[in-house]
Amino acid sequence: MLYELLISMMTPAQATALAMTITALISFVSLNMRFSFLPHDKGRDFAINGALSKGKIRGVGLVFVIDFILGCILFVPLSVELIIYLILIFLIMMSGYLDDAAEKPWNEYKKGLIDLVLSIVTMVTFLSQNSRVVTLLGFEFTIPYPLYFVLGVALIWMAINVTNCSDGVDGLCASLSMVTIMSFALLFSENLGSMGVACRLLCAALLAYLYFNCSPSSMLMGDAGSRALGFFIAVLAMKSEHPFAYLILSIVLIVDGGLGLIKVSLIRFCKVHIMNNIRTPIHDHVRKNMGWSDTQVVIRFVIMQIIASILCAVA
């Protein structure tokens, strides 16, 4: 394996830095190729500044996720567990890409069924390879298998959907995901093992994407990227043995995308109307009602998430 060759010639930190550089370069070159099979955005009337997206390349999450998987194959010590996760990331990415490329967007039940099936496979894999010991507020305890299974499925579903909903401002989803991923990598490196290297490779691929996605963007990750990022973050949270840290290390993603999910769910299933004065996702509310520019949304949301991650580190 290339990683083992690099380790034999340099320190682990140097090998990881070189792997990140190569992954970022591969992603930059491949994203710049702007493949003809990628769809173009049709604009979104319901979103703030949604018309500005019309005509831009959409679904490039397909490209940087495949680059990330390639980076893992080249530079990360592969276990059966990690191979399964990479396959599942590819599948969740493909489900998003097919939605991006479809003439008519997939309905929520179709995507929900896909999320459920992949979440179940993920939890069967995770619980067969890892302990059920978690840490919360300095205390370790073991969660019963059935409860951990249900909570894990819920975590994966939530992470996929709140991350997906945050992808509505140039640079926002990728930037927040990078802060969350690197926070887990830095705070819980001992528990993550080879997943820690995978975290850094994904962030390297996202850096290349942000070169093209910073405001005003020329391409969009689409569901292909945001759904895969949410899935990876959920698996990362469980592998860290601090799954409840997800609530802090992804708090901005959760609030930005999650309030809209709660609002819609209550209306649809309970006929309850709440937060009528708040536009969701929150990034639309602050642009529409508070006059924030796209750049202000990204920078301020990232600052909030960094502060939350620092608080998690000292807690």
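In case you missed it, the structure is sitting above this.
These notes cover the structure that comes with them. Bear in mind the structure is a predicted one, so any value in this text is a computation, not a measurement.

**Considering the overall build of the protein**
The helix and strand tally for the protein stands at 14 helices and four strands. With the C-alpha coordinates aligned to their principal axes, the bounding extent of the protein is approximately 55 × 45 × 35 Å. Once local pairs closer than 6 in sequence are excluded, the contacts in the protein between residues at least 24 apart make up 74%. Total accessible area on the protein is roughly 14400 Å²; 69% of this is exposed by carbon and sulfur atoms. In the protein, 20 positive and 19 negative side-chain charges are present, and the distance between their average locations comes to 8 Å.

**Remarks on unusual backbone geometry**
Along the chain, Ser215 connects to Pro216 via a cis peptide bond; the corresponding omega equals -5 degrees. The residue Pro216 is located in the loop between α9 (194–213) and β4 (219–220) in this model. Phi at Arg34 is positive, roughly 50 degrees, even though this residue is not glycine. Position of Arg34 among the secondary structure elements: in the loop between α2 (12–32) and β1 (57–58). On the basis of relative accessibility, which here comes to 33%, the residue Arg34 falls in the partly exposed class. A positive phi angle, near 55 degrees, is found at Leu137, a position not held by glycine. Along the polypeptide, Leu137 turns up in the loop between β2 (133–136) and β3 (139–142). Taking relative accessible area as the criterion, Leu137 reaches 76% and is therefore assigned exposed.

**Section: the pattern of salt bridges**
For the coordinates displayed, the defined rule picks out ten salt bridges. A salt bridge links Lys56 to Asp170; the shortest N-O distance between them is 4.0 Å. Taken together, the residues Lys56 in the loop between α2 and β1 and Asp170 in the loop between α6 (145–165) and α7 (172–187) connect sequence positions 114 residues apart. Overall, Lys56 belongs to the buried group, its relative accessible area being 15%. The residue Arg287 makes a salt bridge to Asp284 at a minimum N-O spacing of 2.6 Å. With a gap of three residues between them, Arg287 and Asp284 both fall in helix α13 (residues 282–289), about one helical turn apart. On the accessibility criterion, Arg287 (8% relative accessible area) is buried. Given the relative accessible area of 3%, Asp284 is considered buried. Each of Asp41, Arg58 and Asp100 takes part in salt bridges that share partners, so that together they form one network.

**A word on the packing of aromatic side chains**
For the structure on display, the rule yields ten aromatic pairs. Between the aromatic rings of Phe35 and Phe37, the centroid separation amounts to 5.2 Å while the plane-to-plane angle is 15 degrees, which identifies the pairing as stacked. When its relative accessible area of 46% is taken as the criterion, Phe37 is described as partly exposed. Note on Trp292 and Phe301: the rings are 6.1 Å apart at their centroids and 75 degrees apart in plane angle, and the pair reads as edge-to-face. Lying over the aromatic face of Trp106, Lys110 brings its terminal NZ or CZ to 4.0 Å of the ring centre.

**Concerning a nonpolar patch on the surface**
A surface patch of nonpolar side chains, about 560 Å² in accessible area, is lined by Ile66, Ile73, Leu78, Ile83, Ile87, Phe90 and Leu91. Of all the elements in the fold, those that place two or more residues in the nonpolar patch are α3 (61–75) and α4 (80–101). In terms of residues, the nonpolar patch owes the most to one element, α4, which gives four residues.

**Details of the state of the cysteines**
Applying the stated criterion across every chain, the model contains zero disulfides. Looking at Cys165, it has no disulfide partner, and the nearest cysteine sulfur is the one in Cys173, 10 Å off. We classify Cys165 as partly exposed; its relative accessible area is 25%. Cys199 takes part in no disulfide bond, and the closest cysteine sulfur, belonging to Cys203, lies 6.9 Å away. Using a relative accessible area of 0% as the deciding quantity, one classes Cys199 as buried.

**Let's talk about the side chain of Asp41**
As for its position among the elements, Asp41 is in the loop between α2 and β1. By relative accessible area, Asp41 is classed as buried at 6%. If we ignore the near neighbours within four places in the chain, the residues touching Asp41 are Ser53, Lys54, Gly55, Lys56, Arg58 and Leu220.

**Points about α9**
Taking 1.5 Å as the rise per residue, α9 with 20 residues should run 28 Å; its terminal C-alpha atoms sit 28 Å apart, in good agreement. Summarising burial for α9: 17 of the 20 residues are buried, a large majority.

Here is what the cut-offs are and how they apply
- Residues numbered from 1 in each chain as written.
- Predicted model: local features only at pLDDT ≥ 70, side-chain atom pairs only at ≥ 80, totals over all residues.
- Heavy atoms only, no water.
- Helix = DSSP H or I, 4+ residues; strand = E, 2+ residues; numbered from the N terminus.
- Contact = heavy atoms within 4.5 Å.
- Areas by Shrake-Rupley, 256 points an atom, 1.4 Å probe, with all protein chains shown as cover.
- Lys, Arg positive; Asp, Glu negative; His and termini not counted.
- Charge placed at Lys NZ, Arg CZ, Asp CG, Glu CD.
- Buried < 20%, exposed > 50% of the residue type's maximum accessible area, 1.4 Å probe, protein only.
- Salt bridge = Lys/Arg side-chain N within 4 Å of Asp/Glu carboxyl O.
- Phe/Tyr/Trp six-rings, centres within 6.5 Å; stacked < 30°, edge-to-face > 60°.
- Lys NZ or Arg CZ within 6 Å of the ring centre and 35° of its normal.
- Patch = residues over 30% accessible without salt bridge, like charges linked within 9 Å, V, L, I, M, F, W, Y side chains within 5 Å.
- Disulfide = S-S within 2.5 Å.
- Expected span 1.5 Å × (residues − 1).

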